[in-house]
Amino acid sequence: MDKSIRHSRRTHSGGLLNDCNVGEKVTLAGWVNRRRDHGGLIFIDLRDRNGVVQVAADPKNKEAFKIAEKIRDEYVLSVEGEVSLRPEGTENPNLPTGKIEVIASRISVLNVAKTPPFEIVDDLNVDENLRLKYRYLDIRRKPMLDSLKLRHQVVTTVRNFLNDYGFIEVETPFLTKSTPEGARDYLVPSRVHPDHFYALPQSPQLFKQILMVSGIERYYQLARCFRDEDLRADRQPEHTQIDMEMSFVEQDDILSLVEEMMKRVFESLGMNLEIPFERLNYDEAMEKYGSDKPDVRFGMELVDVSKIVINSGFKVFDNVIESGGVVKGINAKGCGKFSRSQIDVLTKFVSVYGAKGLAWIQVTEDGEIKSPISKFFSKETIDSITKTLDANSGDLLLFVADKKEIACESLGQLRLHLAKEMDLIDKTTYKFLWIVDFPMFEYDENEKRHKAHHHPFTSPNEKTISLLDKEPLFVKANAYDLVLNGVEVGGGSIRIHSQDLQRKIFSLLGLSEIDINEKFGFLIEAFQYGAPPHGGIAFGLDRLIMLLAKKDTIRDVMAFPKTQTATCPLTGAPDKVTDKQLRELHIRVK
């Protein structure tokens, strides 16, 4: 008997029956997936979370047959009967239970059901808002149920792995202090402290660092996190992190442990994963891929051709290079037949990312060069360009001349766009990549101050820490991101554990002593009592499951997600509250 079946209404899960059960008396329970009346017999496809089994109601059993005549899709049934082989020629090879059926001796209706607003089928094609409004019906579909099972399996594997490695699971608070140095906080008004607010945690960052001061040494948590951000396919107002922190470790220790954990996860899903993962520093990633989360399942790397085309007489390129910019190009393999209108579409595409234009060179099938800019270059220069970009017959070379940041980002996005358009990505593979040596700071032109590239608790790289006072933008962080198939699935760092260095970093970020003490005083004080060297990492569980399940959005691997406008069609949240509730919270709505 299935260990998950411990109920008087059933002895077996119908979806797990097979020909080994032939001759057994069983009691099943589930939903009517489909009812088929074949005149003499009525067949019911009975569905539970493990699958579907066919139930046959014979007119010879008048009571069971009479009930079978009245039932409809999604009725909840209990069925007693005997497992039998299906008659020869009626087997269904597409079902795990396709060799057998259950001959019903008794059918009980446990509950009736309205006609659902959409069919409970695998290849559902309805508006997502309708699916979310009736999420309890949507989850009955096998693809959704399989995603949640996958999520459970991954979480179980991660917990077991971390437990084996001496980690302790500790829960941290949901109601905490607002420390607005990252995304926008969700605020919760306090009833007992008028005009004061809690914040829902964007991450357990400060608490897990304090746990290291506490001597926990190895902590983890499946942490719920909340960020009031604009939403997209891989972002939600609330999400789950696999959150980890360790004392007395260096970067290599954390990266190696994470690789072992991911290998264990993949093995639990029946897949092999090669470790160690490739490591790429931030500068190299931006130079080669125009992204700090590159998809390396295909080539089409960015190439700097500034030294080749400088002083060529093509003023667009010359002017950009003379003003400190660059000319970068990519080789769109096999795109040499693109029409002028197709190239115009690509030009419009890169303009979204700030590029002022897109130069191009076509290499025809017979090796001829076609390009409106080729007249500005000597044959030697053209040959050098095509050789550097490894161009062959039928290729299309595309160039952006601009500030380095714009050239890299626009071509990096074009690289991804073309790879999808030309179907260059092997969707059956999983390619992990570590990005390391991030900048410690970035400069915000609007606020006229430095901001932390990751977060202000990240320690500087020892090799560049001497630049903190005079050239902070050249300081590298002891930080690392884990990228899977072009999606950032995790990020972490070795933390600052010195109160003096932490104060210095806060100061470089424009915080006054009053700000530091008010917002982070509790952390600084904790460091005064003996903080060990420590570091950690956090993974977006939803993003990871999305990639493993090969879904396009994290909403398809979450039980009850919000829409892209941060609403819940099922419950109607967010919603207005009563005047009485507002008065209790000392809030007046204008």
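In this report, the structure presented in the accompanying data block is examined. Worth saying up front: this structure is predicted, and the values here are computed from it rather than measured.

Reading the values: rules and limits
Starting afresh in each chain, residues are numbered from 1 along the sequence in its written order. Only residues with pLDDT of at least 70 get local features here, since the model is predicted, and only at 80 or more are side-chain atom pairs given and counted; chain-wide, interface and lining totals rely on the full set of residues. Side-chain measures were taken over the full set of non-hydrogen atoms in the model, leaving aside hydrogen atoms and water. Here a strand is any run of E in DSSP of at least two residues, a helix any run of H or I of at least four, and the numbering for each starts at the N terminus. The contact definition used throughout considers only heavy atoms, calling two residues in contact when any of these lie within 4.5 Å. Accessibility throughout is a Shrake-Rupley quantity obtained with a 1.4 Å probe, and a residue counts as covered only by protein chains that appear here. Counted charges follow a simple rule, with Lys and Arg positive, Asp and Glu negative, and His plus the chain ends left uncounted. Here the site of a charge means atom NZ of a Lys, CZ of an Arg, CG of an Asp or CD of a Glu. Only protein chains enter the calculation, and the probe is 1.4 Å; a residue is then buried if its accessible area is under 20% of its type maximum, exposed if over 50%, and partly exposed in between. Any two strands with at least two DSSP bridges between them are considered paired. Helices are assigned an expected span. That span is 1.5 Å times one less than the residue count. Relevant arc is that of directions from the helix axis to the C-beta atoms, nothing else. A pairing counts as a salt bridge when a side-chain nitrogen of Lys or Arg comes within 4 Å of a carboxyl oxygen of Asp or Glu. Residues grouped as a nonpolar core are buried Ala, Val, Leu, Ile, Met, Phe, Trp, Tyr and Cys residues, joined through side-chain atoms within 4.5 Å. Each axis is a line fitted through C-alpha atoms, taken for helices only over the stretch in contact, and angles between the N-to-C directions span 0 to 180 degrees. By the criterion applied in these results, polar contacts are pairs of N or O atoms within 3.5 Å in which, for protein atoms, one can donate a hydrogen and the other can accept it, and in which residues neighboring in sequence qualify only through two side-chain atoms. Here, patches come from residues exposed beyond 30% relative accessible area and free of salt bridges, joined within 9 Å for like charges and within 5 Å for nonpolar side chains (Val, Leu, Ile, Met, Phe, Trp, Tyr). Each angle is binned into one of four classes, with values under 35 degrees roughly parallel, values over 145 roughly antiparallel, values of 65 to 115 roughly perpendicular, and all other values oblique. Note: crossing handedness is left-handed where the near helix turns anticlockwise from the far helix by less than a right angle, and right-handed where it turns clockwise. Charged residues are taken to be Asp, Glu, Lys and Arg, nonpolar residues to be Ala, Val, Leu, Ile, Met, Phe, Trp, Tyr, Cys and Pro, and polar residues to be all remaining types, Gly included.

**Observations concerning the overall build of the protein**
Across its full length, the protein carries 16 helices and 22 strands. Seen through its principal axes, the protein has C-alpha atoms that stretch 95 × 75 × 55 Å. At a minimum sequence separation of 6, the contacts of the protein that also span at least 24 residues come to 67%. Entry remark: accessible area of the protein is about 30,300 Å², with carbon and sulfur atoms responsible for 50%. Across the protein, 81 positive and 89 negative side-chain charges occur, with their mean positions spaced 5 Å apart.

**Regarding the pairing of strand S3 (residues 51–57)**
The element S3 is largely enclosed, with a buried count of six among its seven residues. Bridge count for strand S2 (residues 42–48) against S3 is seven bridges, and the pairing is antiparallel. Considered in S3, the bridge of aspartate 45 is made with glutamine 54. Two successive antiparallel strands, S2 and S3, enclose a turn made up of two residues. Pairing analysis gives two bridges linking S3 to strand S5 (residues 100–111), with the strands arranged parallel. Paired with valine 55 across the bridge in S5 is valine 102.

**Some points on the environment of glutamate 409**
In this structure, glutamate 409 sits in helix H12 (residues 404–421). Glutamate 409 sits 54 residues away from alanine 355 along the chain, and the two C-alpha atoms are 9.0 Å apart.

**A closer look at the pairing of strand S21 (residues 487–494)**
The side chains of a regular strand alternate, first on one face of the sheet and then on the other. Counting buried positions along S21 gives six out of eight residues, so the element sits mostly inside the fold. Here strand S20 (residues 479–484) runs beside S21; their pairing, made up of six bridges, is antiparallel. Looking at S21, one finds that leucine 482 is bridged to glycine 490. With antiparallel pairing between neighbouring strands as the criterion, S20 and S21 make up a hairpin whose turn holds two residues, including asparagine 485 at a positive phi of roughly 50 degrees.

**Some remarks on helix H10 (residues 340–351)**
Compared with an ideal rise of 1.5 Å per residue, which puts twelve residues at 16 Å, H10 spans 17 Å between its outermost C-alpha atoms and is within 8% of the ideal. All of the buried residues along H10 are Ile343, Leu346 and Val350. Looking straight down H10, one finds that the buried residues subtend no more than 55 degrees of arc, so they occupy a single side. Relative to its buried face, H10 has exposed residues pointing more than 90 degrees away, namely Val345 and Lys348.

**Looking at the pattern of salt bridges**
Under the criterion given, the structure shown has 42 salt bridges. With a shortest N-O distance of 2.7 Å, glutamate 238 and lysine 562 are connected by a salt bridge. Note that glutamate 238 is positioned in strand S10 (residues 238–247) and lysine 562 in the loop between helix H15 (541–548) and helix H16 (579–584), a separation of 324 residues in sequence. Using a relative accessible area of 16% as the deciding quantity, one classes lysine 562 as buried. The salt bridge partner of lysine 333 is aspartate 390, with a shortest N-O separation of 3.9 Å. Note that lysine 333 is positioned in the loop between strand S13 (326–332) and H10 and aspartate 390 in the loop between helix H11 (379–388) and strand S16 (396–402), a separation of 57 residues in sequence.

**Some details on the nonpolar core**
General note: in soluble globular proteins, nonpolar side chains tend to be found buried as a group. Counting 44 residues, the largest nonpolar core has Met244 and Met262 as its most contacted members. Looking at this core element by element, the count peaks at eight residues for helix H6 (residues 251–268). When neighbours within four sequence positions are excluded, methionine 262 is seen to be in contact with Leu273, Phe277, Phe432, Leu482, Phe539 and Leu544. Listed in part, the 33 residues of the second largest apolar core include Ala479, Leu501, Leu523 and Ala526.

**Description of the sheet that holds strand S4 (residues 76–85)**
Ordered by their spatial adjacency, five strands build a closed barrel running S1-S2-S3-S5-S4, and the pairing between neighbours is mixed. On average, each strand axis in the sheet is inclined to that of its neighbour by 55 degrees, with strand direction left out of account. Packing against the sheet, helix H1 (residues 62–70) makes contact with strand S1 (25–37), S2, S3 and S5, and its axis sits at approximately 70 degrees to S5.

**Description of the side chain of threonine 364**
With respect to the secondary-structure elements, threonine 364 resides in the loop between strand S14 (359–363) and strand S15 (369–370). Polar side-chain contacts of threonine 364 include one of 2.3 Å to the side chain of aspartate 366. If sequence neighbours within four positions are ignored, threonine 364 has contacts with Lys370, Ser393 and Gly394.

**Digging into the environment of glutamine 54**
With respect to the helices and strands, the residue glutamine 54 is situated in strand S3. Non-local contacts of glutamine 54, meaning those with residues more than four positions away in its chain, are made with Arg36, Phe43, Ile44, Asp45, Arg86, Glu101 and Val102. In terms of polar contacts, glutamine 54 uses its side chain to reach the side chain of arginine 36, at 2.8 Å.

**What to know about a nonpolar patch on the surface**
On the surface, a nonpolar cluster with roughly 300 Å² of combined accessible area is contributed by Tyr136, Phe560 and Leu570. Its place among the elements puts tyrosine 136 in helix H3 (residues 135–138).

**Structural notes on the packing of helix H4 (residues 142–164) against H6**
H6 packs onto H4 with a crossing angle of 135 degrees between their chain directions and a minimal axis gap of 9 Å. What the angle tells us is that H4 and H6 run oblique. For the pair H4 and H6, the crossing hand works out as right-handed. Contacts between H4 and H6 pair Gln153, Val154, Thr157, Val158, Phe161, Leu162 and Asp164 from the former with Leu257, Glu260, Met261, Arg264, Val265 and Ser268 from the latter.

**Brief notes about the packing of helix H5 (residues 205–213) against helix H14 (residues 513–527)**
For the pair H5 and H14, the least separation of the axes is 10 Å and the interaxial angle reads 20 degrees. What the angle tells us is that H5 and H14 run roughly parallel. In terms of crossing hand, the pair formed by H5 and H14 is left-handed. Residues Leu206, Gln209, Ile210 and Val213 of H5 form the contact with H14, whose participating residues are Phe520, Phe522, Leu523, Ala526 and Phe527. In the contact of H5 with H14, the residues fall into eight nonpolar, one polar and no charged.

**Points about the sheet that holds S15**
With antiparallel pairing, the five strands of this open sheet are ordered in space as S12-S13-S16-S14-S15. Looking at which strands have only one partner, the edges of the open sheet turn out to be strand S12 (303–304) and S15. When S14 meets S16, the two strands line up antiparallel, connected through four bridges. For tryptophan 360, the partnering residue across the bridge sits in S16 and is leucine 398. The sheet contacts of H12 involve S13 and S16, and relative to S13 the element is tilted by about 10 degrees.

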